Amino acid sequence: MSHIPFNVPHIGERELDYIRQAVKNRHLSGNGPFTAKCHARLRQSLNAEKVLLTHSCTAALEMAAILAEVRAGDEVIMPSFTFVSTANAFVLRGATPVFVDIREDTCNLDESLIEAAVTPRTKAIVVVHYAGVACHMERILDIARRRGLIVIEDAAQGLRSTYRGRPLGSLGDLAAVSFHETKNIISGEGGALIVNNARWVPRSELIWEKGTNRTQFHRGEVDKYTWVDIGSSYLPSEISAAVLLAQLEATDAITTGRLQAWQRYHAAFESWERKGIVRRPVIPEDCSHNGHLYYLLFPDASCRSAVQSFMREHNIDAVFHYVPLHSSPAGRRFGRTPAPLPVTDRTADRLLRLPLWAGMVDREIDTVIDSVVHAIVEVHSE
Ligand SMILES: Cc1ncc(COP(=O)(O)O)c(C=O)c1O
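Residues numbered from 1 in each chain as written. Predicted model: local features only at pLDDT ≥ 70, side-chain atom pairs only at ≥ 80, totals over all residues. Heavy atoms only, no water.

Draft legend 1. Structural context of the overall build of the protein chain. For the protein chain, the count of helices and strands is 15 helices and 12 strands. For the protein chain, the C-alpha radius of gyration of 21 Å lies close to 21 Å, the compact-globule estimate for 382 residues. Expressed along its principal axes, the backbone C-alpha trace of the protein chain runs to roughly 75 × 55 × 35 Å. For the protein chain, the proportion of its 382 residues judged to be buried stands at 54%. Residue pairs in contact within the protein chain that sit at least 24 positions apart in sequence constitute 70% of those at least 6 positions apart. Here the protein chain has roughly 16,400 Å² of accessible surface; of this, 51% comes from carbon and sulfur atoms. Looking at the protein chain, you have 42 positive and 44 negative side-chain charges, and the mean spots of the two groups are 5 Å apart. (Helix = DSSP H or I, 4+ residues; strand = E, 2+ residues; numbered from the N terminus. Rg over C-alpha atoms; globule rule 2.2 N^0.38 Å. Buried < 20%, exposed > 50% of the residue type's maximum accessible area, 1.4 Å probe, protein only. Contact = heavy atoms within 4.5 Å. Areas by Shrake-Rupley, 256 points an atom, 1.4 Å probe, with all protein chains shown as cover. Lys, Arg positive; Asp, Glu negative; His and termini not counted. Charge placed at Lys NZ, Arg CZ, Asp CG, Glu CD.)

Right, dumping it as structure tokens:
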């Protein structure tokens, strides 16, 4: 029985060619020619004021928190059903994450609950586009405009998805994407900060380069560089940027490959959804998605665990997602949960992500499908 992993990174020959080129360039630190090419591509595809590669999405979120001038005593509204970095970036600035429940259908922040969580201390709303499917941005942007709040998109999983024809990462004031190995487009560890609000462009470069004006110095705008602001070392090396450039050039092929696998799963589980045995992902009409992940929701935690164990016994890796932050030790210590989060709790208990990668062949997908179906039959016959 051959092993089916959860993820297989898509790597082509071009990644190796570009790494070789980066080494030959004798420019291995950050902000070299490969970084510039990645910036230009991302800026164009996202229609952004500024894009800065970072060594992770976590770093990009930390930069966003600094740029948004989030401070001690501020509150930041966000889902609890997310990765730790969504909250940690703001806790590092002394702010309090305020956890709000998610929608049943998309597992995204429930826009109808946001206003009740706003207080005079609220500074920003952080949206997470779960599985690369957009939040209800029209409502969220409207709330932010009326309440004077900054919108930050955690688009870690969202590259190449759209909302009403606009790319995720282009909708908030600031956005962060991830190029971690588990994402669609990868550079090992990597990410990018997207600046959509022009007023933050000059400062973003300073924070990126350890609080110095080194980028201006490289452009010949100042005759020496010096310490002018807070910041850190957020830029990735040229080797990472070389890998990323090759990946960005292959975005169409990678996305198409993932979507093919996604569709095959979706078609196979339709009848099981009709019988009320599983729930499949919901893609709202005004969203297109990037096939980042395929998940199923089972009726309860024990059913999910039974299916996961069955798959593990058959050498197939399927994984749950997110211990809700509001119930984690650090989330309880640093965050605030003004109202119960029943949908978050229920979703975290019942969700299982299936193996998916670009280039996954039909035989592998069908093996996973068969395994889920066998597990369901076994659970229901008990
Ligand atoms: C929603 C979300 N935000 C942030 C991150 C962190 O990304 P990175 O590993 O690039 O720091 C992840 C990683 O999985 C994520 O899923």
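Draft legend 2. Highlighting unusual backbone geometry. In this structure, Arg 26 is a non-glycine residue whose phi angle is positive, near 55°. Its place among the elements puts Arg 26 in the loop between helix H1 (13-24) and helix H2 (33-46). Even without being a glycine, Cys 107 presents a positive backbone phi close to 65°. Here Cys 107 lies in the loop between strand S3 (96-100) and helix H5 (114-117). Residue classification places Cys 107 among the buried residues on the basis of a relative accessible area of 2%.

Draft legend 3. Quick peek at the sheet that holds strand S8 (residues 174-178). Read across the open sheet, the 7 strands follow the order S1-S9-S8-S5-S4-S2-S3; overall the sheet is mixed. The sheet terminates laterally at strand S1 (50-54) and S3, the two strands that pair on one side only. Within the sheet, the average angular offset between the axes of one strand and its neighbour, ignoring direction, is 20°. One ladder, built from 5 bridges, connects strand S2 (residues 75-79) with S3; its direction is parallel. For Glu 75, the partnering residue across the bridge sits in S3 and is Thr 96. Across the sheet, H2 touches S1 and strand S9 (191-195), and the angle it forms with S1 is around 130°. Most of the contacts of helix H6 (residues 137-147) go to strand S4 (residues 122-128), to which it runs at about 170°, and overall it touches S4 and strand S5 (150-154). (Pairing = 2+ DSSP bridges. Axes fitted to C-alpha atoms, helices over the stretch in contact; angles between N-to-C directions.)

Draft legend 4. Quick peek at helix H3 (residues 57-67). Within H3, 9 of the 11 residues are buried, which leaves it mostly tucked inside the rest of the structure. Of the positions making up H3, those classed as buried are Cys 57, Ala 59, Ala 60, Leu 61, Met 63, Ala 64, Ala 65, Ile 66 and Leu 67. On its buried side, H3 packs onto S1, helix H4 (84-91), S5, S8, S9 and helix H7 (201-208). The residue sitting at the N-terminus of H3 and contributing the capping side-chain oxygen is Ser 56; that oxygen lies 3.4 Å from the backbone nitrogen of Thr 58. Directly beyond the C-terminal end of H3, a positive phi value near 55° is found at Glu 69. (Polar contact = N/O pair within 3.5 Å; in protein donor to acceptor, adjacent residues only side chain to side chain.)

Draft legend 5. A look at the environment of Ile 376. By secondary structure assignment, the location of Ile 376 is in helix H15 (residues 362-381). The class for Ile 376 is buried, based on a relative accessible area of 1%.

Draft legend 6. Layout of the nonpolar core. By size, the foremost hydrophobic cluster in this structure holds 36 residues, and its most contacted members are Val 76, Phe 90, Ile 152 and Leu 174. At the level of elements, H3, S2, H4, S4, S5, S8, S9 and H7 are the ones that each hand at least two residues to this core. With 9 residues, H3 is the largest single contributor of residues to this core. Those residues in contact with Phe 90, other than ones at most four positions away along the chain, are Ala 65, Val 70, Val 76, Met 78, Ala 95, Val 126 and Ile 152. (Core = buried A, V, L, I, M, F, W, Y, C linked by side-chain atoms within 4.5 Å.)

Draft legend 7. Structural context of the sheet that holds strand S7 (residues 166-167). What the 3 strands build is an open sheet, ordered S7-S6-S10; its pairing is antiparallel. Sheet topology places S7 and strand S10 (287-288) at the edges, where each strand pairs with a single neighbour.

Draft legend 8. Quick peek at the pattern of salt bridges. If you walk through the whole model with that rule in mind, you get 23 salt bridges. Close ionic contact of Glu 69 with Arg 71 constitutes a salt bridge, the shortest N to O distance being 3.1 Å. Take Glu 69: its relative accessible area is 36%, and that puts it in the partly exposed class. Note that Asp 229 is salt-bridged to Arg 203, the shortest N-O span being 2.6 Å. In this pair, Asp 229 sits in the loop between helix H8 (214-218) and helix H9 (238-249) while Arg 203 sits in helix H7, placing the two residues 26 residues apart along the sequence. Using a relative accessible area of 18% as the deciding quantity, one classes Asp 229 as buried. Overlapping salt bridges, with partners in common, bring together Lys 50, Glu 205, Arg 219 and Glu 221 in one network. (Salt bridge = Lys/Arg side-chain N within 4 Å of Asp/Glu carboxyl O.)

Draft legend 9. Representation of a nonpolar patch on the surface. A contiguous nonpolar surface patch, about 210 Å² in accessible area, is contributed by Val 23, Leu 28 and Ile 239. By secondary structure assignment, the location of Val 23 is in helix H1. Assessed through its relative accessible area of 38%, Val 23 is described here as partly exposed. (Patch = residues over 30% accessible without salt bridge, like charges linked within 9 Å, V, L, I, M, F, W, Y side chains within 5 Å.)

Draft legend 10. A look at the side chain of Ser 80. Inspection of the secondary structure assignment puts Ser 80 in the loop between S2 and H4. Ser 80 gets classed as buried once you look at its relative accessible area, which sits at 0%. A distance of 2.7 Å separates a polar atom in the side chain of Ser 80 from a polar atom in the side chain of His 326. Excluding its chain neighbours within four sequence positions, the residues that come into contact with Ser 80 are Phe 99, Val 100, Pro 324, Leu 325, His 326, Leu 341 and Thr 344.

Draft legend 11. Representation of the site of the ligand in the model. For the ligand, the set of nearby residues contains 15 residues, the closest of which are Cys 57, Thr 58, Asp 154, Ser 178 and Lys 183. Between an oxygen atom of the ligand and a side-chain N or O atom of Ser 178, the distance comes to 2.7 Å. When isolated, the ligand has an accessible area of 400 Å², and the protein chains bury 91% of it. For the shell around the ligand, a count of residues per class yields 5 nonpolar, 8 polar and 2 charged. (Near = heavy atom within 4 Å. Nonpolar A, V, L, I, M, F, W, Y, C, P; charged D, E, K, R; others polar.)

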